[in-house]
Amino acid sequence: MNDWLAFFQEVLDYGPALLAGLGNTLLLAVTITLTGLLAGIGVFYLTISQHAITRRLTDAYVSFFIGTPLIVLLFLMYYGLPPLGLRLSPLTVAIIGFTLNVAAYNARYLRIAYNGIDQGELEAARAQGFTHLEVFRLVTLPQALRLAAVPALTNQAILNLKDSSVVFLIQYTEFFAQVQELAASNFQYFKAYLLAGLVYLLLVSLIVLLARRLERTVLRPLL
Amino acid sequence: MALLTVRNLVKDFEGRRVLDGIDLDLEEGQVKVVMGPSGCGKSTLLRCLNRLIEPTAGQIRFEGEDILRPGTDVRALRQRIGFVFQNFALYRHLTALENIKLGLRKLRHFSEAQATERARAELRRMELETHGDKYPAQLSGGQKQRVAIARALAMDPKVLFFDEPTSALDPRMSREVITLINRLFLDNVTMLCVTHDVTVARYISDSVLFLDQGRVRAEGDADHLLDQHQDPHISAFFGRGARGV
């Protein structure tokens, strides 16, 4: 019992650093969720392009980033680019790396959702006089987002939050990096990592609650 | 001058000739029904006329303008042609009212208030004024088709194309839609309707065009074509062959 009290005391002492780390984690997770979604929408648009070459190139992009471990990409940019004269901050590397990776996944989710859209609606929109881009913006995207938003896109948001913990490996001091510091200072690895797990679980639960709310409001009209 | 003139229209799909020299004239205020066996090219013909499908050869003039010439504003052309589909094709993420408003807002640049007023008027015309806030999934088949017609009419098209407007409906809903098309017929709305429905051909058309294997096999008034035409293919299609009528 005294062990736990002592640990909590240390957690309180580390409080500002842990909170700063948590802030960095949330900053990164929210940023890459947004940039990954926007870039994913762009890639998705190209995957249903009328031009075969564009479709093939974007399919190759998606396959490459889904088939490559994210950590390889992060290391390539953080450790591989400086000798070539390009030095990027850990946050920049994290945002670029995650965005490229998450965009590929989101594009794939949206492409799968696109298969669930009634093609007759898209033909009707063209028959009304809408351009390819307008059909995408006004009919395809709202439906694909709704169909993919739950559960695929929210799962991706959860993965973004959890996977952001790997960026401590490129010196970005996010929440998990601070927990590592805490654990190393008192050798209470079990308690420290348990604390990290609980905090991540709490944040993920918040995303799940938000997703359920979203499901009720945006998905219902399509069913 | 005819509103729509088609001459020698040809469409090939992967080496197969689907339309083989179609001629068609549609006058303003006229209602023409296109009939024929499945796969004879009826739906392809409609889609060629507003360039949803690009014809292989031939000439199409709409309001005197050659719409196959390079540089044709296809977007503007399609806005002059209302299109009602077999499976309704309502945008299912939008309510009935929003379905009608979308084209008015984005293509005709109506203000929000103008578009709402116009969309409500079209819903009233279709006797659907209490259904404006419903999503397509909450409407019956007949109601969906009436919203689709309202959506097309709201754009003030020169002509309405119908592609099998009743074939996805049960008999009761089908009657609802036929009654409505009949009302448009009485209002002198120009229509070109692809259908298998003999009731539509008989009561709501000025003339019937019978297509077979991509060619016009016969054209004339509905009663003659449906009851008295001597062509064995046409007789068989309307179920008269066996009795030798």
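Predicted model, so just to flag it, every value in this text is computed and none were measured. Sequence order as written defines residue numbering, which begins from 1 separately in each chain. Note on labels: chains are lettered from A, ligands numbered from 1, in written order. Note on the predicted model: pLDDT of at least 70 is required for a residue's local features to be given, and 80 or more for side-chain atom pairs to be given and counted; whole-chain, interface and lining totals, by contrast, use all residues. Side-chain metrics rest on all non-hydrogen atoms present in the structure, leaving aside hydrogens and water.

Draft legend 1. View of the overall build of chain A. In this text, helices come from DSSP runs of H or I with a minimum length of four residues, and strands from runs of E with a minimum of two, each type numbered from the N-terminal end. A count of helical and extended segments in chain A gives 9 helices and 0 strands. Overall, chain A shows an N-to-C arrangement of helices and strands of α-α-α-α-α-α-α-α-α. Taken along its principal axes, the extent of the C-alpha atoms in chain A is 75 × 50 × 25 Å. We call a residue buried when its accessible area falls under 20% of the maximum for its residue type, exposed when it is over 50%, and partly exposed in between, using a 1.4 Å probe and counting protein chains only. Classification of the 223 residues of chain A by burial places 43% in the buried group. Of the accessible surface of chain A, which amounts to about 11,500 Å², a share of 68% is contributed by carbon and sulfur atoms. Considering chain A, the positive charge centre built from 14 side chains and the negative charge centre built from 12 side chains are found 9 Å apart. Accessible surface is estimated by sampling points in the Shrake-Rupley manner with a 1.4 Å probe; for residues, cover comes only from the protein chains shown. Charged residues are defined narrowly, with Lys and Arg counted positive, Asp and Glu counted negative, and His plus the chain ends left uncounted. In this description, the location of a charge corresponds to atom NZ of lysine, CZ of arginine, CG of aspartate or CD of glutamate.

Draft legend 2. Highlighting the pattern of salt bridges. Residues and elements named next belong to chain B. We define a salt bridge as a contact between a side-chain nitrogen of Lys or Arg and a carboxyl oxygen of Asp or Glu at a distance within 4 Å. A full pass over the atoms with the stated rule returns 25 salt bridges over all chains. Of the charged contacts, one joins aspartate 20 and arginine 17 as a salt bridge, the two residues approaching to 4.0 Å between their closest N and O atoms. The network of salt bridges with common partners includes Glu63, Glu65, Arg69, Arg80 and Lys158.

Draft legend 3. Looking closely at the sheet that holds strand E1 (residues 4–13) of chain B. Residues and elements named next belong to chain B. If DSSP finds at least two bridges between two strands, the strands pair. With antiparallel pairing, the 4 strands of this open sheet are ordered in space as E2-E1-E4-E5. In this open sheet, the two strands that pair with only one neighbour each are strand E2 (16–26) and strand E5 (65–66). Contact between two residues is taken to exist if any of their heavy atoms lie within 4.5 Å; hydrogens are not considered. Helix axes are fitted to C-alpha atoms over the stretch in contact, other axes to C-alpha atoms as well, and angles between N-to-C directions run from 0 to 180 degrees. The sheet strands contacting helix H1 (residues 42–49) are E1, E2 and strand E4 (57–62), and the helix crosses E1 at an angle near 115 degrees.

Draft legend 4. View of the pairing of strand E10 (residues 215–220) of chain B. All names here are of chain B. Where strand E9 (residues 207–212) meets E10, 5 bridges bridge the pair, whose relative direction is antiparallel. Paired with leucine 211 across the bridge in E10 is valine 216. Counted along the chain from E9 to the antiparallel partner E10, the turn is 2 residues long, and its residue glutamine 213 has a positive phi close to 50 degrees.

Draft legend 5. Geometry of the sheet that holds E10(B). Residue and element names in this part refer to chain B. Across the sheet, 6 strands lie side by side as E6-E7-E8-E3-E9-E10; this open sheet has mixed pairing. Of all strands in the sheet, those bounded by a partner on one side alone are strand E6 (81–84) and E10. Between one strand axis and the next, the sheet turns by 20 degrees as a mean value, whatever way the strands run. Helix-sheet contacts for H1 involve strand E3 (31–35), E6, strand E7 (159–163), strand E8 (191–194) and E9, and the interaxial angle to E7 is about 150 degrees.

Draft legend 6. A look at the interface of chain A and chain B. Contacts between chain A and chain B engage 24 residues on the former and 22 residues on the latter. In this assembly, chain A packs against chain B so that about 2,000 Å² is buried in total across both faces, 55% of it on carbon and sulfur atoms. Joining chain A to chain B, the criterion identifies 3 salt bridges. Taking the shortest distance from any N to any O, the salt bridge between B:Arg92 and A:Glu121 comes out at 3.8 Å. Distance and chemistry together define a polar contact, namely a pair of N or O atoms within 3.5 Å, with one atom able to donate a hydrogen and the other to accept it when in protein, and with adjacent residues in sequence counting only for side-chain atoms on both sides. Across the contact surface, chain A and chain B share 11 residue pairs in polar contact (both at pLDDT 80 or more). The term buried area denotes the loss of accessible surface (1.4 Å probe radius) that occurs when two parts are joined, taken as the sum for both partners.

Draft legend 7. Structural context of the confidence of the model for chain B. You can read pLDDT as the predictor saying how much it trusts each residue, on a scale of 0 to 100. Put simply, chain B has an average pLDDT of 90, and 98% of its residues get 70 or more. Averaged over each element, pLDDT in chain B is lowest for helix H9 (residues 232–237) of chain B (78) and highest for helix H3 (residues 96–106) of chain B (97).

Draft legend 8. Representation of unusual backbone geometry in the model. Residues and elements named next belong to chain B. Positive phi is not limited to glycine here, since phenylalanine 88 has a value of about 70 degrees. Considering the arrangement of structural elements, one finds phenylalanine 88 in the loop between E6 and H3. Classification of phenylalanine 88 by relative accessible area gives buried; the value is 11%. Of note, the phi angle at aspartate 156 is positive, near 50 degrees, even though the residue is not glycine. Its place among the elements puts aspartate 156 in the loop between helix H5 (141–153) and E7.

Draft legend 9. Summary view of the packing of aromatic side chains. All names here are of chain A. Aromatic pairing here means that ring centres of Phe, Tyr or Trp (its six-membered ring) are within 6.5 Å. Orientation follows from the plane angle: under 30 degrees is stacked, over 60 is edge-to-face, and everything else is tilted. In this structure the tally under the stated criterion is 17 aromatic pairs over all chains. Both rings, one in phenylalanine 64 and one in phenylalanine 65, keep their centres 5.0 Å apart while their planes meet at 90 degrees; by these two values the pair is edge-to-face. Relative accessible area serves as the criterion here: at 48%, phenylalanine 64 is assigned to the partly exposed category. Taken together, the ring pairs in this structure connect Phe44, Tyr45, Tyr114 and Phe136 into an aromatic cluster. Sitting over the face of the ring of tryptophan 4, lysine 191 holds its NZ or CZ atom 5.0 Å from the ring centroid. Charge-over-ring placement is defined geometrically: NZ (Lys) or CZ (Arg) within 6 Å of the ring centre, and within 35 degrees of the ring normal.

Draft legend 10. Geometry of the packing of helix H4 (residues 112–125) of chain B against H5(B). All names here are of chain B. With their axes 9 Å apart at the nearest point, H4 and H5 run at an angle of 135 degrees to one another. What the angle tells us is that H4 and H5 run oblique. Relative to H5, H4 is oriented so that their crossing is right-handed. For the pair H4 and H5, the contacting residues are Arg118, Glu122, Leu123 and Arg125 in the first and Val147, Ala150 and Leu153 in the second. Geometric relationships in this document are graded by angle, where less than 35 degrees denotes roughly parallel, more than 145 denotes roughly antiparallel, 65 to 115 denotes roughly perpendicular, and other angles denote oblique. Crossings are sorted by hand: turned counterclockwise from the far helix by less than a right angle, the near helix makes the crossing left-handed, and turned clockwise it makes it right-handed.

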